[in-house]
Number of protein chains: 2
Amino acid sequence: MSVTFNKRDPIYLQVMTHLKKQIVSGELKPGVEMPSRRQLANQLKINPNTVQRAYSEMEEQRLIFTEPNKPSRISEDPNVLNQLKKEWLNQAITRFVSAIDPIDMDLEDLMPMIEQELANRKKAQK
Amino acid sequence: MSVTFNKRDPIYLQVMTHLKKQIVSGELKPGVEMPSRRQLANQLKINPNTVQRAYSEMEEQRLIFTEPNKPSRISEDPNVLNQLKKEWLNQAITRFVSAIDPIDMDLEDLMPMIEQELANRKKAQK
DNA sequence: CCTAGTGTATTACCTGCTTAGTACACATGG
DNA sequence: CCATGTGTACTAAGCAGGTAATACACTAGG
């Protein structure tokens with residue numbers, strides 16, 4: 001796992017977003033163990049407290065759960081996971097439409113640009 | 001002009017985004033006078049310095065220009081304006097694709113949701 | 001002339017984020 | 001039994017960025 005942080009947003013939020021993305025994509029499956037706070041902090045070159053903040057907020061959102069003295073794990077509750085995907089998708093669309101709205105272009109003309117960008121991503125992935 | 005600010009992002013950035021949006025949409029036409037720093041600040045219930053910061057950054061980006069002791073005005077340079085639209089569109093698509101990428105859905109299935117959201121916006125606009 | 005309105009500049013304050021340093025309870029493996 | 005690794009909690013410090021208060025130079029209009 002590697003993340004490139006921007007300077008604007010708080011690190012703990014970027015970590016959360018990164019993890020949520022992995023949950024949505026299925027990279028992080030329900031029930032799977034998360035890296036420990038200290039491990040992840042070491043890996044990302046950040047402070048363990050910052051990871052802790054990300055984790056504890058995700059725990060509040062029921063996305064992960066922690067049994068005493070054991071590594072945190074991804075939630076297995078289908079409701080929670082579906083809700084996450086739902087909100088993730090919803091936010092993506094809302095933001096996109098909000099950005100696209102002031103532009104004088106039809107949706108049909110945007111499609112090819114989106115497909116182009118999707119293709120670029122797959123290319124860069126390998 | 002009215003804006004609803006979120007608490008996370010700096011106000012001056014939100015003001016910039018708001019103004020850029022208006023430029024992109026054509027609400028703010030080239031050469032038109034901007035509201036004065038104090039006026040806009042008063043209207044948005046924020047500090048004049050915050051507006052000043054937004055304005056001066058937009059001036060650096062050549063989106064507005066200011067003759068001494070006169071209200072700032074929207075740029076009339078077609079290159080600058082086209083560049084803005086280009087970047088705006090580009091960013092919208094990049095962000096959207098980045099958000100949509102981890103989701104296991106085809107573009108065809110997303111289209112109706114986008115159109116739905118677009119319709120909602122027009123409805124709420126009036 | 002002088003008041004009110006421009007833009008501009010400087011300074012100080014304040015909040016939030018990050019880091020660091022400890023400390024504690026508990027479980028596990030050697 | 002003990003060393004190590006979990007999660008958790010608390011405090012302190014510092015840093016950076018955003019915001020606010022104030023003052024200044026200039027212009028236009030009454």
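Everything numeric in this text was worked out from a predicted model, so none of it was measured.

1. So, the overall build of chain A
Looking only at helices and strands, one finds five helices and two strands in chain A. When the backbone C-alpha atoms are referred to their principal axes, chain A occupies close to 55 × 35 × 30 Å. Split into buried and exposed, the 126 residues of chain A put 38% on the buried side. Residue pairs in contact within chain A that sit at least 24 positions apart in sequence constitute 52% of those at least 6 positions apart. Counting only carbon and sulfur atoms, one obtains 45% of the accessible surface of chain A, whose full area is about 8100 Å². Averaging the coordinates of the 19 positive side-chain charges in chain A and doing the same for the 17 negative ones gives two points 10 Å apart.

2. Focus on the relation of the copies chain B and chain A
You can overlay chain B on chain A at an RMSD of 0.2 Å; the transform is a turn of 179 degrees with a shift of 0.1 Å along its axis. Expressed as a symmetry operation, the mapping of one chain copy onto the other fits a two-fold axis. It is B:Phe96 whose C-alpha, among those of chain B, lies nearest the rotation axis, at 2.9 Å. Mapped onto chain A, 100% of the interface residues of chain B are again interface residues, and the two copies thus contact each other with one and the same surface.

3. Overview of the pattern of salt bridges
Note on pairing: side chains with opposite charge can pair once their charged atoms come close. What the rule picks out here adds up to six salt bridges over all chains. When the shortest N-O distance is used, the salt bridge between A:Asp101 and B:Arg121 registers 3.8 Å. Taken together, the residues A:Asp101 in the loop between α4 (78–100) and α5 (107–125) and B:Arg121 in helix α5 (residues 107–125) connect one chain to another. Judged by its relative accessible area of 29%, A:Asp101 is partly exposed.

4. Considering the UniProt feature "domain: HTH gntR-type" (unreviewed entry) in chain A
Those places that UniProt annotates as "domain: HTH gntR-type" (unreviewed entry) correspond, in this numbering, to residues 9–77 of chain A. When the span residues 9–77 of chain A is considered, its composition is 52% helix and 6% strand, and the gap between its end C-alpha atoms is 29 Å.

5. Quick word on the protein's contact with DNA strand D
Every one of the 20 residues lining DNA strand D counts as a neighbour, but A:Arg37, B:Ile11, B:Asn47, B:Asn49 and B:Arg53 are closest to it. Put simply, 65% of the atoms of DNA strand D that lie within 4 Å of the protein are in sugar or phosphate. Within the backbone of B:Ile11, one N or O atom sits 2.9 Å away from a phosphate oxygen of DNA strand D. Across the surface near DNA strand D, the residue classes break down as four nonpolar, ten polar and six charged.

6. Focus on the protein's contact with DNA strand C
Taken together, 21 residues sit near DNA strand C, with A:Ile11, A:Asn47, A:Asn49, B:Arg37 and B:Arg38 positioned nearest. A:Asn69 is positioned such that a nitrogen or oxygen atom in its side chain is 3.2 Å from a sugar or linking oxygen of DNA strand C. Breaking the surface near DNA strand C down by element, the ones donating at least two residues are α1 (11–25) and α3 (48–60) of chain A together with α2 (37–44) of chain B. Its residues placed into classes, the surface near DNA strand C shows five nonpolar, ten polar and six charged.

Analysis parameters
Residue numbers restart at each chain and count upward from 1, following the sequence in its written direction. All chains are assigned letters beginning with A, and all ligands numbers beginning with 1, in the order in which they are written. Only residues with pLDDT of at least 70 are given local features in this predicted model, and only at 80 or more are side-chain atom pairs given and counted; all residues enter the totals for whole chains, interfaces and linings. Processing note: side-chain calculations cover all non-hydrogen atoms of the structure and skip hydrogens and water entirely. Elements are defined by DSSP. Helices are runs of H or I of four residues or more, strands are runs of E of two residues or more, and each kind is numbered from the N terminus. Any residue under 20% of the maximum accessible area for its type is buried, any over 50% is exposed, and the rest in between are partly exposed; the area is computed with a 1.4 Å probe on protein chains only. Should any heavy atoms of two residues lie within 4.5 Å, those residues are considered in contact. In this description, accessible areas are obtained by the Shrake-Rupley approach with a 1.4 Å probe, and a residue is regarded as covered only by the protein chains that are shown. Working convention for charge: Lys and Arg count positive, Asp and Glu count negative, and His plus the chain ends are omitted. Charged groups are reduced to one reference atom each: NZ for lysine, CZ for arginine, CG for aspartic acid, CD for glutamic acid. Superposing copies: least-squares fit, C-alpha atoms only, residues required to have pLDDT of at least 70 in both. For salt bridges, the criterion is a side-chain nitrogen of Lys or Arg within 4 Å of an Asp or Glu carboxyl oxygen. UniProt positions are given in the numbering used here, feature names are shortened, and annotations may be inferred rather than shown by experiment. Here a residue is considered near a molecule or strand provided that any single heavy atom belonging to it is located within 4 Å of it. Here a polar contact is recorded for every N or O atom pair within 3.5 Å, except that within protein the pair must consist of a potential hydrogen donor and a potential acceptor, and residues adjacent in sequence are included only if both atoms are side-chain atoms. Asp, Glu, Lys and Arg are counted as charged, while Ala, Val, Leu, Ile, Met, Phe, Trp, Tyr, Cys and Pro are counted as nonpolar; the rest, among them Gly, fall into the polar class.

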